[in-house]
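Now for the letters of each chain:
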Amino acid sequence: MSELEQLTEAIRKGDRKQAGQLTETLLDAETDLEQVLGAMVTAMDDIGAKFQRNEIFVPEMLIAARAMSEAMNLLEPRLIAAGIKPKYTAVIGTVQGDLHDIGKNLVAMMWKGAGFKVVDLGTNVTPAKFVEAAREHTPHVIGLSALLTTTMPAMKSIITALREAGLNGSKVVIGGAPITQSYADEIGADAYASDAGSAVDVVRQLVAA
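Just so we're clear, the structure is a prediction, and the values are computed from it rather than from any experiment.

### Thoughts on the overall build of the chain
Check the secondary structure of the chain and you find nine helices and five strands. Beginning at the N terminus, the succession of helices and strands in the chain can be written as α-α-α-α-β-α-β-α-β-α-β-α-β-α. What you see for the chain is a C-alpha radius of gyration of 17 Å, in line with the 17 Å of a compact globule of 209 residues. In terms of principal-axis extent, the alpha carbons of the chain reach across some 50 × 35 × 30 Å. A total of 209 residues make up the chain; the buried ones form 48% of that total. Summarising the internal contacts of the chain: among those between residues at least 6 apart in sequence, 72% fall at separations of at least 24. For the chain, the accessible area works out to roughly 10,100 Å², and carbon and sulfur atoms hold 50% of it. Computing the positive centroid from 19 side-chain charges and the negative centroid from 26, the chain places the two 3 Å apart.

Structure representation (structure tokens):
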């Protein structure tokens, strides 16, 4: 098994220490940076697919995502220095009034693992802050997360604020425990993701379109 394949396997297993060590070894050997990134993306694609098939669950997904983050923290400075930039940018945040972040963090890590530049605004994010971030980063995708039914209306407020600001170039994806496809349709979101695994497929389809 090559060291690139070993890196993929270490991330799949959620072995942070090994993922970091292998990344350092590959970087020291001046391995092609995009190949190193590709090994990470392959691992997170596999993890997302397993999650969608109910072969693994949120804890395993989080462990793998943290291993990927460990490796990415080492790779990212090299990518920046080499002028290799992610093709797509995503902004994500938990909506105003909601402080839950596990689901949002997991989606952010999965998007990063899929090769997106991710700007994480955190929790309790106001419509104005989403508008400001959309203007600053010109994202291809904006992700809105909510866990509480009482904060769901904030999603509509954010979409309205983005549209009123003329920021129609960013596709809005919503998700969270109480969210449904019908609610996404009702408030004018561009897409709905039922979980972190499908969130990667959803944004890839949006940017491809």
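That shown, we press on.
### Details of helix H4 (residues 58–81)
Counted at 1.5 Å a residue, the expected span for H4 with its 24 residues is 34 Å, and the 34 Å between its end C-alpha atoms agrees. Along its length, H4 shows its largest kink, about 35°, at Asn 73, and proline Pro 77 lies within four residues downstream of that point. Taken as a whole, H4 has its buried residues at Met 61, Leu 62, Ala 64, Ala 65, Ala 67, Met 68, Ser 69, Ala 71, Met 72, Leu 75 and Leu 79. Those residues of H4 that are buried lie in contact with helix H1 (3–13), helix H2 (16–28), helix H3 (33–52), helix H5 (102–113) and helix H9 (196–208). After H4 finishes, the residue Gly 83 shows a positive phi value of roughly 75°.

### Looking at the environment of Leu 62
By the element assignment, Leu 62 lies in helix H4. Distance in space between the C-alpha atoms of Leu 62 and Asp 201 is 18 Å, their sequence separation being 139 residues. Among residues more than four places away in sequence, those in contact with Leu 62 are Ile 102, Leu 106 and Met 109.

### What to know about the pattern of salt bridges
Under the definition given, this model contains eight salt bridges. Among the salt bridges present, the one from Arg 12 reaches Asp 46, with a minimum N-O distance of 2.6 Å. Of this pair, Arg 12 sits in helix H1 while Asp 46 is found in helix H3, placing the two residues 34 residues apart along the sequence. Of the residues examined, Arg 12 reaches a relative accessible area of 28% and is grouped as partly exposed.

### Topic: the sheet that holds strand E1 (residues 89–94)
In spatial order, the strands read E2-E1-E3-E4-E5; together these five strands make up an open sheet with parallel pairing. Each edge of the open sheet is held by one strand with a lone partner, namely strand E2 (117–120) and strand E5 (191–192). In the sheet, E1 pairs with E2 via four bridges, with the strands oriented parallel. What sits directly across from Ala 90, in E2, is Val 118. Against the sheet, H9 contacts strand E3 (141–145), strand E4 (171–175) and E5, and its axis sits at roughly 165° relative to E4.

### Regarding the pairing of E3
E3 sits mainly inside the fold: five of its five residues count as buried. Neither face of E3 is open: one carries Val 141, Gly 143 and Ser 145, the other Ile 142 and Leu 144, and all of them are buried. The sheet contact formed by E1 and E3 spans five bridges and is parallel. Across the sheet, residue Ala 90 finds its bridge partner in E3, namely Val 141. Of the crossover connections in this fold, the one passing from E3 over helix H7 (residues 152–164) to the parallel E4 is right-handed.

### Side note on the packing of H4 against H5
Axes are the key here: two packed helices are described by the angle between their axes and the distance separating the axes. At a minimum axis separation of 9 Å, H4 and H5 run at an interaxial angle of 50°. Considering the angle they form, H4 stands oblique to H5. Every pair of crossing elements has a handedness; the one defined by H4 and H5 is left-handed. Contact residues: Val 58, Met 61, Leu 62, Ala 65, Arg 66, Met 68, Ser 69, Met 72 and Glu 76 in H4; Ile 102, Leu 106, Met 109, Met 110, Lys 112 and Gly 113 in H5.

What counts and how
Residues numbered from 1 in each chain as written. Predicted model: local features only at pLDDT ≥ 70, side-chain atom pairs only at ≥ 80, totals over all residues. Heavy atoms only, no water. Helix = DSSP H or I, 4+ residues; strand = E, 2+ residues; numbered from the N terminus. Rg over C-alpha atoms; globule rule 2.2 N^0.38 Å. Buried < 20%, exposed > 50% of the residue type's maximum accessible area, 1.4 Å probe, protein only. Contact = heavy atoms within 4.5 Å. Areas by Shrake-Rupley, 256 points an atom, 1.4 Å probe, with all protein chains shown as cover. Lys, Arg positive; Asp, Glu negative; His and termini not counted. Charge placed at Lys NZ, Arg CZ, Asp CG, Glu CD. Expected span 1.5 Å × (residues − 1). Bend = angle between axes of the 7 residues up to and from the residue. Salt bridge = Lys/Arg side-chain N within 4 Å of Asp/Glu carboxyl O. Pairing = 2+ DSSP bridges. Axes fitted to C-alpha atoms, helices over the stretch in contact; angles between N-to-C directions. Right-handed = clockwise from strand over helix to strand, strands pointing away. Parallel < 35°, antiparallel > 145°, perpendicular 65-115°, else oblique. Left-handed = near helix turned anticlockwise from the far one by under 90°.

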